[in-house]
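Report on the structure
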Amino acid sequence: MPKVTIDGHTLEVEEGTTILQAARMIGGEAVPPAMCYYSGLETSGGYCRTCIVEVSKGSEKDPRPMPKPVPSCRQVVMDGMEVKNTTSPKLLEARAGVVEFLLINHPLDCPVCDQAGECHLQDLSYEHGLSKSRYEFKRREFEKIDIGDKIKLHMTRCILCYRCVKVADQLCPGRVHGVINRGDVAEISTYIENAVDNEMSGNMIDVCPVGALTDRTFRFKSRVWFTKPVNAHRTCETCCGRVALWLSGDEVLRVTGRKDAYGELEKDAEGRTGWICNTCRFDKKNEADWTIEGPRHIDRHSVISQNHYETLKQLKIDISRQKKLSEKAHNE
Amino acid sequence: MSVKLLFEHLDKPGIRNLEGYRSHGGYQTLEKALRTLKPDDITGEVKKSGLRGRGGAGFPTGMKWGFLAKPEGVPRYLVCNADESEPGTFKDRYLMEHIPHLLIEGMAISSFALGAETSYIYIRGEMMYVYHILQAAIDEAYANNLLGSNIMGSGFSLDLHVHCGAGAYICGEETALLESLEGKRGNPRIKPPFPAVKGLWGCPTVVNNVETISAVVPIVRDGGDAYARIGIGRSTGTKLISASGHINNPGVYEIELGLPVEEFIYSEQWCGGITKGKKLKAVVAGGSSVPVLPAELILKTAAGEPRLMTYESLSDGGFETGTMLGSGGFIVMDEDTSIVKNLWNFTRFYHHESCGQCSPCREGTGWMEKVLHKILAGKGTRADIDLLWDIQKNIEGKTICPLGEAAAWPVAAAIRHFRAEFEELTSQITEPAGQV
C-alpha cells in the first residue's frame, strides 16, 4: 500500500486513493478546501482548482517535485509522495489567487442569499480571501430561471463546479441539464429552458456549493441558522429516506440530504451515497410524515452550528464559559 | 538553396490532384511501407529521425508513438490535429490546401505503423474550403485503392474520415479535440489518463499535428538517419514557418532547422526585411502564445550567440530572455507597433476562446483583457501593471490545459520586456483601484 506524507502526517492508503481523500483521513488543517469535488459523484473535481496542493516529492521511485501545483481531488497518491498543503506559503498564495478568481464575478449578495450560512464560497472567501476586491469592472449577471416548479437557478452566483451537471448525468435519466456557451459567459442551463423533470433532480440543490440552485419551496422562508436541524427517516421506495429536517417550531421548513463535515452527502454502511428523491424533499413537509431520530450534529465551522446545543450539558458548559469570560473582561 | 521535404513539389501544376501528386513520386512511399516494412520498422525510423511534434509542444514523435498502449482486441486510433487556430500560425492550412495527398499518404503510413484501422483528420470549422479539398482528395484516394479495404493488395485496410470542428480554438488541445470528435462539448479532459492509454472512445489514441504526419512521408522514404542529418542537435529536419507582420515577403516557408533568425528575417530568400525600411522592434516567434522578444534578444541570445531557428536556441535563457519555437507562427513587429495594443488583441482572443471549465482561465483571461482595455483607454494606473502581472501569475500552471499558460505567457513577456511602454500609457497612481 502506498505511503503518503501530507503536511508532515504520514499514512498508508489504498492503491488509487487521491491526495484529497488521504488528507481527509488525516483531517484538520491538512484537508484542502474543495468546491467542485463531490465524493458521491463520479468524475467530479478538477475544475475549481481550490484544492491544489504542492507535491514536493513525486514518489519513492521518482522523487522529483511536480513542477506545477496539482488538483488534490484528481491526483492519485504514489508511494513515498510528499505533499504540502498549509505548510507551503507559495501554495497558499496560489490558492488565494484561485479564490480571488472565483470571487471577481460573484455578486456577494449573501444578505439576500438562501445559501448564506451553509455556503462553501462564503467559508472559502472568509478563510482565504481578501477583504477588498481588486476587480473594478461590472460583474457578470444572468436572468434567474426556474428549472421545473421546485428549483430556482440563479446563474449569477454560480461558480461552474459542474456538480449539478454530474447529478443530471448520473442520477437523472434523459437529462436535459448541462453547460452552454463558453469562457466567462458559460452558463448552466436546461435544454431550451426545459424543466428538469426527474424524481432525483432535487439533489442538484444539495450538491450546489453556492446559492445558484435553491429550493423554491424554501426560498426566503428563513435564514438557515434560525432553523433547527434534526435527523429523520421514513420508508421510501424511491430513495434511502434518510434526511435532515430543518424545523421552525413544529413546522418543517425544508428537507435535505444528510451532509457530512465537507458538505457532501453521507454514505450508508454499504458505501451508497444518501441521495433523496423529490417526494421526500418537496412533498413531505409534515412532522407526521417522518420518524424523528434526534438533533442533527452540524460540525461545519459555519454559523449554523452556533446556538445549536445537542445536549443540555453542552448548553451549560457554554453558558458558564461565557460567564467566566465576561467576568474576566469586567475585572480587567 | 535549402532542402525542401514537404514543399519540394509544391509549385508543380496539378499537385493538388492525385495524378499530379503521383507523377512526382506520390504514394510510392506508402507502397514501400506496406510492401517492404513492418509497422515497428516505421516507428523505428521515426524515432531515429528525431522528429518532434510540429504543433507547438515539440514532443518527440517516435516516443509518443512508443507510448501507445496496445491491448489485445481494442481498436487504436490515429487522429490528425488540423484545428490550426493559433493567431499567426497558418502553415497546416497552406499544406492541406496545396498538397492534400501528402497528408493523406502520411496518415496511411502512420496508421499502418500504429495499427490503426480507422483514422480521423479533425479540421477547424472555419476552413470549410480546405475541408472540401481534403474530402475530394480522400475520395480520389479511395477510388484508387490508396485508402479503404486491402490497400494496394497489402492486406492493410484504413478508413480515413475528415471531421469538421465548429470553430473553437480549444479543440486544438488534444483531449478537447477528442471530446469534440466524440460529439461532446469541446472541454479538455483532466489528465491522466493520457490519450495514448485512453483516448478516443476510451481506446488508445495518438494525436499528431498535420505537419508532423506529413513529415513521416519523407522520413520513411529517405530513412530516419537522412532526416536526422538535417538541422542541429535535437532539432532535426525541416519546419514550416508561417511568417507574418511587418515584413516584405510574408508567407509560409519550409526552412532547415538551424537557420539564423537574423538571416530568416532579412534575407531576400525568406522574409526580405522589414517593410518600408523600418527598424525591427519585436518578434513573436512561435504563434501568439509564446513570449514576445525585443529585437536585440531575438537576433542574439543573452549570451551574445546568434539566435537560431531551433527548439533549443529559441528557448535559450528560459522565459527571462528566451521564447519558444512553438508552432512556427513568426510574427514580426516594426518600430511603430504598440506592444500594449498587440497584447490586448492577443488577450482578447484568449478571453474569447477560454472554454470556461476551470476557474483561473475562465475568470483571469477576461480580467486581463479588461485591464488592458482600460490602460489603452488612457485610464490605467501603475497599479494596473502590477495587477496584470499578478493575474497572469495566478493563471499560469493552475489550469487543466495549456490554454491558461498560452494566455499568461504573452502578458508576462510584454511586461517583462516592454514595461516602459505600459508606464507611458498609465498615470503615476500606485494605489490599486477595486471595490470593497
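Within every chain, residues take consecutive numbers counted from 1 along the sequence as written. Starting at A for chains and at 1 for ligands, labels are handed out in the order in which the entities are written. With pLDDT at 70 or above as the cut-off, local features in this predicted model cover only qualifying residues; side-chain atom pairs require 80 or more to be listed or tallied, and sums for whole chains, interfaces and linings still use all residues. Values shown for side chains rest on all heavy atoms present in the structure; no hydrogens or waters enter the calculation.

**Considerations on the domain arrangement of chain A**
Residue and element names in this part refer to chain A. The following threshold applies: As used throughout, domain bounds are those supplied by an automatic or database domain assignment. The contact rule is simple, with two residues in contact once any of their heavy atoms fall within 4.5 Å. Summed over both partners, the accessible area lost on bringing two parts together, with a 1.4 Å probe, is the buried area. Take a side-chain nitrogen of Lys or Arg and a carboxyl oxygen of Asp or Glu: if they are within 4 Å of each other, that pair is a salt bridge. Here a polar contact is recorded for every N or O atom pair within 3.5 Å, except that within protein the pair must consist of a potential hydrogen donor and a potential acceptor, and residues adjacent in sequence are included only if both atoms are side-chain atoms. Three residue categories are used. Nonpolar comprises Ala, Val, Leu, Ile, Met, Phe, Trp, Tyr, Cys and Pro, charged comprises Asp, Glu, Lys and Arg, and polar comprises the others, including Gly.
Examined at the domain level, chain A breaks down into domain 1 (3-102), domain 2 (110-215) and domain 3 (224-309). For domain 1 and domain 2, the distance between their C-alpha centres works out to 25 Å. With 17 residues of domain 1 at the interface, the matching set in domain 2 holds 19 residues. Buried surface at the junction of domain 1 and domain 2, both sides included, amounts to about 1600 Å², of which 65% is carbon and sulfur. Across the domain 1-domain 2 interface, the total number found is one salt bridge. Of the charged contacts in the structure, one is a salt bridge between Arg 134 and Glu 100, with a shortest N-O distance of 2.9 Å. Counting across the interface, domain 1 meets domain 2 through seven residue pairs in polar contact (both at pLDDT 80 or more). Looking at the side of domain 1 that touches domain 2 residue by residue, the classes come out as eleven nonpolar, three polar and three charged.

**Comments concerning unusual backbone geometry**
All names here are of chain B. Note the following rule: Under the scheme used here, helices are H or I runs from DSSP no shorter than 4 residues and strands are E runs no shorter than 2 residues, and both carry numbers assigned from the N terminus.
Cis geometry is found at the peptide bond from Lys 191 to Pro 192, where omega equals -5°. Here Pro 192 shows up in the loop between helix 8 (174-181) and strand 4 (205-209). Geometrically, the link from Pro 192 to Pro 193 is a cis peptide bond, its omega value of 0° lying close to zero. Looking at the element boundaries, Pro 193 is found in the loop between helix 8 and strand 4. Despite not being glycine, Met 152 has its phi angle at roughly 50°, a positive value. Along the chain, the position of Met 152 falls in the loop between helix 7 (128-143) and strand 3 (159-164).

**Looking at the pairing of strand 2 (residues 118-123) of chain B**
All names here are of chain B. Rules: Classification of residues uses two cut-offs on accessible area relative to the type maximum, computed with a 1.4 Å probe and protein chains only: under 20% is buried, over 50% is exposed, and between them is partly exposed. Paired strands, in this sense, are two strands between which DSSP finds at least two bridges.
Burial runs high along strand 2: five of the six residues are buried. In this sheet, strand 2 lies alongside strand 1 (residues 77-82) in parallel orientation, the contact comprising six bridges. Within the sheet, the bridge partner assigned to Cys 80 lies in strand 2 and is Ile 121.

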